Every structure is written in structure tokens, then in C-alpha cells.
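Structure assessment
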Amino acid sequence: MAHHPTVAVAPGALPGLGHLARFVRAPLAFVRTLPAHGELVEIRLGSTRLVVVCDPELTRTLLLHDRVFDKGGPLYRRLREVGGTGLATCPAAEHRQRRRLVQPAFHQRHFPGYARIMADRTDAMISSWPEGRTVDLTRETRRITADALVATVFGADLDPAVHSSLAADLHELMAGVFRRSLLPEPLCRLPTLGNRRHARAASHARRTMGELIAGYRARKSCSDASDASDNPDASGGYGDGLLSLLLSARTPDGSGAFSDEELIDHAVTFYVAGTETTAGAVCWAVRFSTLHPHVHRRLTEEIATVLGGRTATWDDLPRLEYTRRTLTETLRLCPPGWFLTRQAEEDTRLGGYFLPRGTTLAYSPYLLHHLPGEHADPDTFDPDRWRPGPGDSAPSPLFLAFGAGARRCIGDEFALLQGTLLLASILSHGDLRLRPGGRPLPRLPQLTLNPGPLPARLVRATP
Ligand code: HEM
């Protein structure tokens, strides 16, 4: 009989609870202890057993074999309650066709147009900040990423009242999905206050998305009805945006490829995946740079030279090189999607370890980005580690903030575009002062490593 090594169990599991208390109390610190125990390490969160992949090569194998290691496990089970079978949560069997369908919305040719919308929205946001008054940078950046996402990807405008209600829903959903992923199944179904609040937020967000889609449909059919030669872009000025692509997709018999519920799944998925992530990265970049004066000096010098006090646009991007590197380094140190789960769909092996069908696995970009063998001084914030080397024949350093393989983030370039424009613009208009204190890392991460409230005051440059 073949001999397989056994997956080590992380030490310190308590009867019944396993490692749950440690994971809940300080999850980032806890996951960083795991590589000391092996390439694959089992953790027990209550009755749930999770095999955490602690080795970069095995993580690549995990991510490249997405039909064997499909989306599943506690996180994706709970995410499906919110996003149904949208692109991020659908099983591998449905994924290729869905991804092909929405991919054109993320084609490079749209990016100059997307950048224009992002820059307009950013300009309006920064102008609205009252002189000398404190704003919450977290809330403001989420407002802008939501606004720009809905405008660019959905082809709709987000009414401020709708935005506020969606932002409140999103806040609850991000916390709730993570909290519920740690609960045993029966507890998720009890009508507790927390579960009811979560269900309300999910159904409210879905209803709001349904209304946005209905509004979009109505506008589209109006513009279709008007003279097409006067209005060649029948999608309301947004070309083949996501909704336009989804609405025009047809089955072989000519009917719409997606039901209303599936359209809502997609819309909720993009909203959840594409707002707090980018906003969080920008906030952490501001925070890290203020904690590292030499980075801050170089960043603000580059921004002042390139922008001279104005908002960043598409044409500025090639010269905002250090800004982009700062964002990349932020995503290394603090990847918003920090802990993600999978499920083995068949009996399989990973690195010689036997994993029976149904095994739940997890990978953590946060853990992997901090491995000493992968990055020199992994705890040091150093944007220059991303400076292109001469000839560039060296293998690229490990970077999994956007995942890898077929399920890699579809919005990666979109996020880097928006993040770079936003970071440069926020630091361009004056001296941004963060309230002293605050944490260098979130103590209790949720679905994303979000920074929590970040009070900041912009002292505008005098002309
Ligand atoms: C800094 C910002 C972002 C980060 C760090 C990020 C991270 C990720 C990661 C790690 C995954 C893979 C999850 C897994 O392996 O389980 C993912 C998937 C995804 N992301 Fe992003 N994301 C960001 C921004 C965005 C934006 C702006 C959008 C939309 C415009 C977006 C839409 C998606 C979608 C739809 C998926 C699922 C892709 C698929 O399964 O085909 N993300 N993202």
C-alpha cells in the first residue's frame, strides 16, 4: 500500500473549539505560525477542519487545478448566500463560459474611458472635503470605488441615497460572511439578531441591485427605440459594460442567457468584490506611507512633479511609477483577500499528501507574502522591491494578492488603475494628515483586511 505523509495538525487545538479562539482573537498572527508545522497544516475551527496550504508551489498547484480544488469551503458557502452563483462563487463547471462572457468589460481598450470616469469622480470627492475638517478616508474611498464601479462596469449612476444604503449593506455583509463562515451550520440558521441583520442586508442589497438593473434596462430600451444612427451606443454611453454584456447574452434558442436572479448574482458579486478591496488598499497605502517618512517623501515628490496639485488622469500613469509600486507593496503586506477557501471535489494528492474528496482547504496570500524565503525582510514596507531589475530575467517575486489561475481576479488591472489614480490624487491636493495612532494592521480582519475608520484632514496647498 502506498505510504502518504500525514497532514500535521497545528498545535494547541482545544477539545470542541479546536483553534477557533486563537483564530478569532488574532487571525493574522495565528496563520503566520502555521508554516513552521509543514507545507500543509490542518487547523480546526470548531467542528470544521481546514487544510491550510503554507507552501507557494503547492498554492500554485491548488489554484491551477480549479476543477479538482473548486470554490467551496466555509467562506464560499457563506458568500453564495449573498452572491448566488455569480462569477466569484460559481462552480468550475459553469465558470469558463461565464468568465468568457464578462471578460470584454475588462478589456484594456475601455481603460482610458474608465480612467476618465474615475478621475471625474475623484475630483468631485476631493473638492467636497471641507477645508480643515476631518473626513473618514475609509468611507470616502469606498464611496468613490463604489461610484466608479457602478458607473464604469454597470453603466449606471449611483444616487447618493442608494449609495449610502448599499454601503451600510456591504459593511454588514463583509463582517457577516466572515463571522458566519466560522459558525457551525446549524447556528447560521438560528434566527439570532446577527443572522437576521445579515439576511436583511443581503436581501436589501439584492433588491437594490435588481432596481439598478431594471433602471438600466429601461434606459437601454429607450435608447434602442430612439434613432440608432443618432445614438450609436445603445447601452447609454457605456459601451460593452458588464450589464450590457450580460443582458445581450443569448442561449442557442435566442432567449436571454441569464435569469433576473442570476443578473443580480453577478451585480452583487462585482459590487462586493470590487469596492472595499480597492478602497482598503488605497487607505493602507496612505497609512503605510505616513508611517515611513522616506517612502512618503518619494511618493509625494513624484506626485507633485507629475501632477502639480491636480487630480491624476490616464495620461499620467506611466510617470506614476513609484505610486504604483507603493500600491503593489501595500497589496503584498496587506492583501485585502487574505484567507480564501476551496474544496477537493475528488480524492486527490497535493505535494504527496492524500486529500480525500470533500477536504476543505484554504490559502492565504497574507501568510505566503510574509514567508521569509520568498521576500527579503518580509515585514518591511519597501516599494522598491518591485522595481524592475536589469534585463528582468529573474523569476517574478511571489505575489498572490489577486489569486492565480482561472479564478484569478478579473478586476486586477481595473483595481490597480483605480488604486493608482486614487492614491496619487488624494496625496496631490495638499498635505493629508492622518490622525495619529491607529493600527499598522487590522487586529480583527473580516472578509477583507479593511482598515476601519481612518480620520484624515486635507490641508490644501495654497496656490
Ligand atoms: C485591490 C483590489 C482587489 C483585490 C486585492 C482582489 C482580490 C481578489 C482575489 C484574491 C480573487 C480570487 C479569490 C480566490 O482565489 O478565491 C478575486 C476574484 C475576483 N475579483 Fe477581485 N480583487 C480586487 C478588486 C476587484 C475589482 C475592482 C473587481 C471588479 C471590478 C473584482 C472582481 C473580482 C471577481 C468577479 C472575482 C472572481 C473571478 C473569477 O472567479 O473568475 N475584484 N479578487
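- The protein is annotated in an unreviewed UniProt entry as Cytochrome P450 of Streptomyces yaizuensis.

1. Things to note about the coordination of the iron atom of the ligand
- For the iron atom of the ligand, the sole protein-derived donor is Cys-409 (SG), lying 2.3 Å away.
- The residue Cys-409 is located in the loop between α16 (365-369) and α17 (412-428) in this model.

2. As for unusual backbone geometry
- The backbone of Asp-377 sits at a positive phi, close to 45 degrees, despite the residue not being glycine.
- Mapped onto the elements of the fold, Asp-377 is located in the loop between α16 and α17.
- When its relative accessible area of 56% is taken as the criterion, Asp-377 is described as exposed.

3. What about the site of the ligand?
- For the ligand, the set of nearby residues contains 29 residues, the closest of which are Tyr-76, His-95, Arg-342, Tyr-363 and Cys-409.
- Contacts to the ligand include Tyr-363, whose side-chain N or O atom sits 2.6 Å from an oxygen atom.
- Of all the elements in the fold, those that place two or more residues in the shell around the ligand are α5 (92-102), α12 (260-274), α13 (276-291), β6 (340-344) and α17.
- Residues belonging to the shell around the ligand are distributed by class as follows: 18 nonpolar, 6 polar and 5 charged.

4. A look at the sheet that holds strand β10 (residues 430-434)
- Judged by pairing direction, the sheet is antiparallel, and its 3 strands sit side by side in the order β5-β11-β10 without closing on themselves. Looking at the sheet topology across the chains shown, the edges are occupied by β5 (134-136) and β10. With direction set aside, neighbouring strand axes in the sheet form an average angle of 35 degrees.
- Examined bridge by bridge, β5 and strand β11 (residues 455-460) share 3 bridges and lie antiparallel to one another. Paired with Thr-134 across the strands is Arg-457, a residue of β11.

5. Structural notes on the pattern of salt bridges
- All told, the structure shown has 31 salt bridges when counted by the stated rule.
- Here Asp-316 ties to Arg-310 by a salt bridge, and the two come within 2.9 Å at their closest N and O atoms.
- The exposure class of Asp-316 is buried, given its relative accessible area of 5%.
- One salt bridge in this structure joins Asp-431 and Arg-433, with 2.9 Å as the shortest N-O distance.
- Exposure remark for Arg-433: the relative accessible area of 40% places this residue in the partly exposed category.
- Shared partners join several salt bridges into a network, and the residues in it are Arg-77, Arg-78, Glu-81, Arg-180, Glu-185 and Arg-189.

6. Digging into the pairing of strand β2 (residues 40-45)
- Across the 6 residues of β2, 5 count as buried, placing the element largely inside the fold.
- Taken together, the 2 bridges between strand β1 (residues 8-9) and β2 define a ladder with parallel strand orientation. Paired with Ala-8 across the bridge in β2 is Val-41.
- Bridge count between β2 and strand β3 (residues 48-53): 6 bridges; the pairing is antiparallel. Within β3, the residue paired with Arg-44 across the bridge is Arg-49.

7. A few points about the nonpolar core
- Core analysis: the largest hydrophobic core is formed by 134 residues, its most contacted members being Phe-23, Ile-43, Leu-137 and Phe-154.
- Residue contributions to this core peak at 10 residues, all from α17.
- What Phe-23 contacts, discounting residues up to four positions off in sequence, is Phe-30, Val-31, Ile-43, Leu-45, Phe-178, Leu-182, Trp-338 and Phe-339.

8. Digging into the side chain of His-198
- One can find His-198 in helix α10 (residues 193-225).
- Reaching out from His-198, the side chain makes a polar contact with the side chain of Glu-172 at a distance of 3.4 Å.

9. Quick look at the environment of Thr-330
- Among the structural elements, Thr-330 can be located in helix α15 (residues 321-333).
- Take Thr-330: its relative accessible area is 0%, and that puts it in the buried class.
- Along the sequence, Thr-330 and Gly-241 sit 89 residues apart, while their C-alpha atoms lie 29 Å from each other.
- Apart from residues lying up to four places away in sequence, Thr-330 is in contact with Ala-281, Trp-284, Ala-285, Phe-288, Pro-335 and Phe-381.
- Polar contacts involving the side chain of Thr-330 include one to the main-chain carbonyl oxygen of Thr-326, which spans 2.7 Å.

10. Topic: the environment of Ala-168
- Following the sequence through the fold, Ala-168 ends up in helix α8 (residues 160-181).
- Taking relative accessible area as the criterion, Ala-168 reaches 49% and is therefore assigned partly exposed.
- Sequence separation between Ala-168 and Asp-347 is 179 residues; the distance between their C-alpha atoms is 42 Å.

11. What about the packing of helix α4 (residues 73-83) against α8?
- Contact geometry for α4 and α8: axes closest at 8 Å, N-to-C directions at 135 degrees. Here α8 runs oblique to α4, going by the angle between their axes. Helix-helix and strand crossings are classified by hand; for α4 and α8 the assignment is right-handed. In contact with Pro-74, Leu-75, Arg-78, Leu-79, Glu-81 and Val-82 of α4, α8 contributes Leu-173, Val-177, Phe-178, Arg-180 and Ser-181.

12. Concerning the packing of aromatic side chains
- Tallying each qualifying case throughout the model produces 14 aromatic pairs.
- With centroids separated by 5.1 Å and ring planes inclined at 45 degrees, the aromatic side chains of Phe-288 and Phe-381 adopt a geometry described as tilted. Placement of the pair is Phe-288 in helix α13 and Phe-381 in the loop between α16 and α17, with a sequence separation of 93 residues. A single burial state applies to Phe-288 and to Phe-381, both of which are buried.
- An aromatic cluster is present here, built from Phe-23, Phe-30, Phe-178, Trp-338 and Phe-339 joined pairwise through their rings.

13. Re the state of the cysteines
- Inspection of the entire model under this criterion finds 0 disulfides.
- Here Cys-90 stays free of any disulfide, with the sulfur of Cys-409 as its closest cysteine sulfur at 14 Å.

14. As for the packing of helix α7 (residues 137-154) against α17
- Interaxial distance between α7 and α17 falls to 12 Å at its minimum, and their mutual angle equals 135 degrees. Between α7 and α17, the angle is such that the two are oblique. Relative to α17, the crossing made by α7 is right-handed. In this structure, α7 contributes Leu-137, Thr-141, Ile-144, Thr-145, Ala-148, Leu-149, Thr-152 and Val-153 to the contact, and α17 contributes Phe-414, Gln-418, Leu-422 and Ile-426.
- The residue inventory of the contact of α7 with α17, partitioned by class, reads 8 nonpolar, 4 polar and no charged.

Rules used in this analysis
Residues numbered from 1 in each chain as written. Predicted model: local features only at pLDDT ≥ 70, side-chain atom pairs only at ≥ 80, totals over all residues. Heavy atoms only, no water. Donors = N, O, S within 2.8 Å, 3.2 Å for Na, K, Ca; no water. Helix = DSSP H or I, 4+ residues; strand = E, 2+ residues; numbered from the N terminus. Buried < 20%, exposed > 50% of the residue type's maximum accessible area, 1.4 Å probe, protein only. Near = heavy atom within 4 Å. Polar contact = N/O pair within 3.5 Å; in protein donor to acceptor, adjacent residues only side chain to side chain. Nonpolar A, V, L, I, M, F, W, Y, C, P; charged D, E, K, R; others polar. Pairing = 2+ DSSP bridges. Axes fitted to C-alpha atoms, helices over the stretch in contact; angles between N-to-C directions. Salt bridge = Lys/Arg side-chain N within 4 Å of Asp/Glu carboxyl O. Core = buried A, V, L, I, M, F, W, Y, C linked by side-chain atoms within 4.5 Å. Contact = heavy atoms within 4.5 Å. Parallel < 35°, antiparallel > 145°, perpendicular 65-115°, else oblique. Left-handed = near helix turned anticlockwise from the far one by under 90°. Phe/Tyr/Trp six-rings, centres within 6.5 Å; stacked < 30°, edge-to-face > 60°. Disulfide = S-S within 2.5 Å.

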